Amino acid sequence: MSTTVRPVTVEHHREPLGIGQAEPRLSWVVDTDVPGWVQRAHELEVHDPDGPDAPWRTGRVDGDVQVLVPWPAAALGSRERRTVRVRVWGGSGGPSGWSAPTLLETGLLDADLWTSRMVSPARPATGDDGEPAVLLRGEADLPGGIVRARVRATAHGVMTLHLNGSPVGEDVLHPGWTSYSNRLRYRTWDVTDLVRSGRNALGVHLADGWWRGYLGFAGLRDVYGDVTGALVQLEVDHADGTRTVVGTDGTWRWAPGPVTRADLYKGETFDARRRVPGWDLPGFDDAGWDPVVPVALDASTLVAPDGPPVRRRGTLAPVSVGTSPSGRTLVDFGQNLVGRLRVRVPAGEPGQVVTLRHAEVLEHGELGVRPLRAARATDEVVLDGSEFTWEPGFTLHGFRYAEVQGWPGEFPAEAVEAVVVHSDLRRLGEFETSDPLLNRLHENVVWSTRGNFVDVPTDCPQRDERLGWTGDLQVFAPTAAYLYDTAGMLTGWLADLAADQHEDGNVPVYVPWADVDPHLPPLGAEAGWGDAATVVPWTLYERHGDVGVLRRQWASMTAWVDAFAARAGEALDFAGGGFSFGDWLDAAAPDDQPWAARLPWQAVATAYLARSARIVRDAAGVLGETGARERYGRLAERAAGRFRTEYVTPSGRAAFPSQTAYALGLAFDLLHPAQRGRAGELLAEQVAADGYHVGSGFLGTPLVCDALADTGHAATAWELLLQRECPSWLYPVTMGATTIWERWNSLLPDGSVNPGTMTSFNHYALGAVADFLHRRVGGLAPAAPGYRRLRIAPVPHPALTWARTAHETPYGRAAVAWELDGDDLALEVTVPPSTEAEVHLPDGSAPRTVAAGTHRFTCTVTRGRAAQAPAAFAP
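Draft legend 1. Structural context of the overall build of the protein chain. For the protein chain, the helix and strand inventory stands at 14 helices and 47 strands. Seen through its principal axes, the protein chain has C-alpha atoms that stretch 85 × 75 × 55 Å. The burial tally for the protein chain puts 62% of its 875 residues in the buried class. Considering only intrachain contacts with a sequence separation of at least 6, the fraction spanning at least 24 residues in the protein chain is 73%. Accessible surface computed for the protein chain: about 30100 Å², of which carbon and sulfur atoms make up 49%.

Written out as structure tokens, the structure is:
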């Protein structure tokens, strides 16, 4: 038997280079085949690889902590490097071997160390479909004896960075989208292999991006600023101990480049005739270029990243190439995705234009572009008579199909591939069953996560919107956290949420906030949307054991609940009225009135106020905020009491019967014990009365199946889950969906697109049901923060003969697999080292606790009792 320790991880960074923490927390995972293994102690070693001193060690530290352990050594300064490794003790034996060392390096923790200036080109001429991208360049001499080089860069806009003729890094759309006036993200790259003694050239290809391009659904541009800019700083360490720092300054020059139009929504035009060979090499003659203009920038707003960058994450070849009824060439990639095309352009007549249009669906055999609204999603390549491979660099499209026009000769399928682009998140969770439709549903959720986690967690990736809607993420955060390691990305997004939070504590309905829609009605504290301020940090705590995120977001969390309570009023009755999204896109709402849910928004708001107040109460308990714990506890109970008094009869019947009304009361634990049983029965009756179709919207849908299962109506939950008629989760699957739709009927049975003006085929919110698939169908859930204790409680159904799920927890891989043969269930459970699991078999027997290792159980399923175990860990 063996025990090994994986390399230490630093905060939530996959690549801890240029990090922004002076005292980064450390985590490690132990791999062992020793049953019941539990860490008893650890020892950390911290070493300065550039210093003369021997490594420093903590000595043996007794205890079982191994997730986000406080930094044990002296706080780090800017540009400091350390290697870290760990060994552990378990049981009565000696220590494990040391883990392989992890090298970490801080960025610029002191804003005064930014000596470069942000520089801007003159504003290009305004166009209707996007502005040109421009080239910026500068040169500098470097002394010899180079031992290490780092380049740090950011932009007002989006950029690609070049050094001595080579692109730097693999980031796409750097630096992403943040609350620009408060937090401008920069990234650090190791460029030691790209620099040389003597003359060096730095180059930037710069486009508008979110900063100045079209943004939102009102056709606005220049939302954050009317000029783009770039900030680049190259820092080179030499063998004699000196450091050379050069970068953007007034000596840099700029010129138009081959990208004559670049916009995230509209698309990109590349004119090969305008290429500038050697523009990023030393010695290039830029005498004809124009000088840049240094612009003011508050260096204190520059922040290192918390999560990974956006990158290319795979390619897809066409599954078919055909001709539309109008004679246009259509390429089908078989999967709705987010990214762009990589095209092997043939030699053609110089000046000939190849046009590439993108869309998610076909309608009547033609490209379905109406749902894109003002987003042109059109790229163009102007040929120069040579063969070359081209991929746009400054735009993204949501598409399955591409239309090709102007191709010289017959279009071959091998001339194009789709490049999948999203934040470079590490995959954590898997799920699969014997039912192909459920598997496709889950795969659709995965693809919608990939398509909408592009630096910001957006609602949709294709039309003229693509905003970080807080309500969508609030319901989807648990699903996302199971599928991918979203902790770093969402930590940064939460910092933007706090930065954009209004002075009265109200949370914008999308983050980063930009006033891009003059048509939005006046919004107060928006139930279910603003609650992202509490739900998302709590989800990160629940799934990653991250107390730090609660501490960092504490002021934001309390400010939101205070603002929410202020809107509710002294009686918590939301008497002021006004508009609210409520249970948005209720399945019963008219297509042109997505807010017209069966349950009044005031009931939804009351339930969410109780939930968020409870979360803050519990967070206060974690953080030791005794007074706040009592205060928000009282508010939570008052809101729950208001919900029971106003919206539920003493027996548990909803005043406004609907699936959401019952699900909120049950899932948020707002009802008295005497009401729960009857409310569960009435929910099951409501689902049956709705024909076992979905009868809820964005806020109610994720809760219904759990509410049914928790009250002994798992069979009804399964009927709802496996329904194939619209509205249902499986209807889109039967219609060929490969992502989650915004509307249950985004595509009508006759193959036509929903006639409304708001239709997306890639919207993850309704895919929040995957959390139920993971926790209840697969049966794997956290029973304590960070999965330190697991809850294994599968809810089998005769329609499935097997199911399995796995998740890489902070302690290692946990897995559940079950097979059903008639009434006989076989269950296999894998519990990571240093954790334990409570196993609830669906035969109604008492739960049992098991330690780390692999365990097998068998039982006879008792129908109707499978879902009566307590709900999974929740606030």
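Alright, that's what it looks like, and here's the rest.
Draft legend 2. Spotlight on the packing of aromatic side chains. For the structure shown, the criterion picks out 30 aromatic pairs. On the basis of an interplanar angle of 80° and a centroid distance of 4.7 Å, the ring pair of tyrosine 180 and tyrosine 224 is categorised as edge-to-face. Residue tyrosine 180 is located in the loop between strand E15 (166-167) and strand E16 (184-185), and its partner tyrosine 224 is located in the loop between helix H1 (209-212) and strand E19 (229-238); the two are separated by 44 residues in the primary sequence. With a relative accessible area of 22%, tyrosine 224 lands in the partly exposed category. Seen from their ring centres, phenylalanine 476 and tyrosine 764 are 4.3 Å apart, and the 20° between their planes marks the pair as stacked. You can see phenylalanine 476 sitting in helix H3 (residues 470-483) and its partner tyrosine 764 sitting in the loop between helix H13 (730-734) and helix H14 (770-778), a full 288 residues away along the chain. Residue classification places phenylalanine 476 among the buried positions, given a relative accessible area of 0%. When its relative accessible area of 1% is taken as the criterion, tyrosine 764 is described as buried. Linked through ring pairs, Phe217, Trp469, Tyr510, Trp513, Trp529, Phe579, Phe581, Trp584 and Trp595 together constitute an aromatic cluster.

Draft legend 3. Seen up close, the packing of helix H2 (residues 436-452) against H14. Contact geometry for H2 and H14: axes closest at 10 Å, N-to-C directions at 125°. Comparing the axis directions of H2 and H14 gives the class oblique. Within the contact between the two elements, H2 uses Leu438, Leu441, His442 and Val445 and H14 uses Ala770, Leu773 and His774.

Draft legend 4. Molecular detail of the sheet that holds strand E18 (residues 198-207). Strand order in the open sheet formed by 6 strands is E15-E14-E18-E12-E21-E24, and the pairing between neighbours is antiparallel. Of all strands in the sheet, those bounded by a partner on one side alone are E15 and strand E24 (290-291). Here strand E12 (residues 134-142) pairs with strand E21 (residues 253-256) via 4 bridges, running antiparallel. Bridge pairing in E21 links leucine 135 to alanine 255.

Draft legend 5. Layout of empty space enclosed by the protein. Within this structure, the stated rule accounts for 7 cavities of 30 Å³ or more. Of the pockets and cavities examined, the largest cavity occupies roughly 200 Å³. Lining of the largest cavity is provided by 23 residues; of these, Arg185, Arg187, Gly307, Pro308 and Asp455 occupy positions nearest its centre. A total of 5 residues in the lining of the largest cavity trace back to one element, the largest contributor, which is helix H4 (residues 487-500). When grouped by side-chain class, the residues that make up the lining of the largest cavity number 11 nonpolar, 6 polar and 6 charged. For the second largest cavity, the calculated volume is near 150 Å³. Surrounding the second largest cavity, 14 residues form its lining, Trp210, Leu396, Val454, Thr458 and Arg466 being those nearest its centre. Of the residues in the lining of the second largest cavity, the class split is 11 nonpolar, 2 polar and 1 charged.

Draft legend 6. Region of the structure containing the pairing of strand E33 (residues 378-382). Among the 5 residues in E33, 5 count as buried, and that is most of the element. Where strand E23 (residues 267-271) lies against E33, 3 bridges are found, and the strand directions are parallel. Bridged to phenylalanine 270 within E33 is valine 381. Bridge count for strand E30 (residues 353-359) against E33 is 5 bridges, and the pairing is antiparallel. Across the sheet, residue valine 353 finds its bridge partner in E33, namely valine 382.

Draft legend 7. The arrangement of the sheet that holds strand E45 (residues 836-839) in detail. The 4 strands lie next to each other as E40-E41-E45-E46, forming an open sheet whose pairing is mixed. Only two strands of the sheet have a single neighbouring strand rather than two, namely strand E40 (780-782) and strand E46 (848-850). Neighbouring strand axes in the sheet, compared pairwise and without regard to direction, differ in orientation by 30° on average. Relative to E46, E45 runs antiparallel, the two sharing 3 bridges. Counted as the bridge partner of glutamate 838 is threonine 849 from E46.

Draft legend 8. Broad picture of the side chain of aspartate 459. One can find aspartate 459 in the loop between strand E39 (456-457) and H3. Looking at aspartate 459, its side chain comes within polar contact range of the side chain of tryptophan 469, at 3.3 Å. Once residues lying within four places of it in the same chain are set aside, the contact partners of aspartate 459 are Asn452, Glu465, Arg466, Leu467, Trp469, Asp472, Asn762, His763 and Tyr764.

Draft legend 9. Region of the structure containing the pattern of salt bridges. One pass over the full model with this rule turns up 75 salt bridges. The closest approach of N and O atoms between aspartate 190 and arginine 150, which form a salt bridge, is 3.0 Å. Here aspartate 190, found in strand E17 (residues 187-190), pairs with arginine 150, found in strand E13 (residues 146-156); they are 40 residues apart in sequence, far enough to count as distant. Here the salt bridges do not stand alone but share partners, grouping Arg14, Glu15, Asp171, Arg187, Arg311, Arg313 and Asp424 into one network.

Draft legend 10. Looking closely at the pairing of strand E42 (residues 802-809). Burial analysis of E42 places 6 of its 8 residues in the buried class, the great majority of the element. Inspection of the sheet shows strand E37 (residues 429-433) paired to E42 by 5 bridges, in the antiparallel sense. Opposite threonine 433, over in E42, you have alanine 803 as the bridge partner. Pairing analysis gives 8 bridges linking E42 to strand E43 (residues 812-821), with the strands arranged antiparallel. Of the residues in E43, the one forming a bridge with threonine 805 is valine 816. Between E42 and E43, which pair antiparallel and follow one another directly, the connecting turn spans 2 residues.

Draft legend 11. Region of interest: helix H5 (residues 532-544). The end-to-end C-alpha distance of H5 is 17 Å, a good match for the 18 Å that 13 residues give at a rise of 1.5 Å each. Counting buried positions along H5 yields 13 of 13 residues, so the element is predominantly enclosed. Where H5 ends, the next residue or the one after it, glycine 545, has phi of about 65°, a positive value.

Draft legend 12. Layout of the packing of helix H9 (residues 659-667) against helix H11 (residues 701-710). Relative to each other, H9 and H11 sit at 65°, their axes nearing to 8 Å. Between H9 and H11 lies a crossing of left-handed hand. Contacts between H9 and H11 pair Gln659, Ala663, Leu664, Leu666 and Ala667 from the former with Leu703, Val704 and Ala707 from the latter. Residues that form the contact of H9 with H11 fall into these classes: 7 nonpolar, 1 polar and no charged.

Draft legend 13. Region of interest: the confidence of the model for the protein chain. Averaged over every residue, the pLDDT of the protein chain is 95; residues scoring 70 or more account for 98%. This stretch, residues 864-875, has a pLDDT under 50; its non-local contacts, to residues over four places away or in other chains, come to 30 contacts.

Draft legend 14. Seen up close, unusual backbone geometry. Histidine 174 connects to proline 175 through a cis peptide bond whose omega is 5°. Structurally, the position occupied by proline 175 is in the loop between E15 and E16. Here valine 511 and proline 512 are connected by a cis peptide whose omega angle stands at 0°. Within the element layout of this structure, proline 512 appears in the loop between H4 and H5. A positive phi angle, near 55°, is found at arginine 373, a position not held by glycine. Tracing the backbone shows arginine 373 in the loop between strand E32 (366-367) and E33.

What counts as what
Residues numbered from 1 in each chain as written. Predicted model: local features only at pLDDT ≥ 70, side-chain atom pairs only at ≥ 80, totals over all residues. Heavy atoms only, no water. Helix = DSSP H or I, 4+ residues; strand = E, 2+ residues; numbered from the N terminus. Buried < 20%, exposed > 50% of the residue type's maximum accessible area, 1.4 Å probe, protein only. Contact = heavy atoms within 4.5 Å. Areas by Shrake-Rupley, 256 points an atom, 1.4 Å probe, with all protein chains shown as cover. Phe/Tyr/Trp six-rings, centres within 6.5 Å; stacked < 30°, edge-to-face > 60°. Axes fitted to C-alpha atoms, helices over the stretch in contact; angles between N-to-C directions. Parallel < 35°, antiparallel > 145°, perpendicular 65-115°, else oblique. Pairing = 2+ DSSP bridges. 1 Å grid on protein atoms, 1.4 Å probe; cavity = no way out; pocket = protein on both sides within 12 Å on 5 of 7 lines; lining within 4 Å. Points joined across faces, edges and corners; volume = space filled by probe spheres on them. Nonpolar A, V, L, I, M, F, W, Y, C, P; charged D, E, K, R; others polar. Polar contact = N/O pair within 3.5 Å; in protein donor to acceptor, adjacent residues only side chain to side chain. Salt bridge = Lys/Arg side-chain N within 4 Å of Asp/Glu carboxyl O. Expected span 1.5 Å × (residues − 1). Left-handed = near helix turned anticlockwise from the far one by under 90°. pLDDT = per-residue confidence, 0-100.

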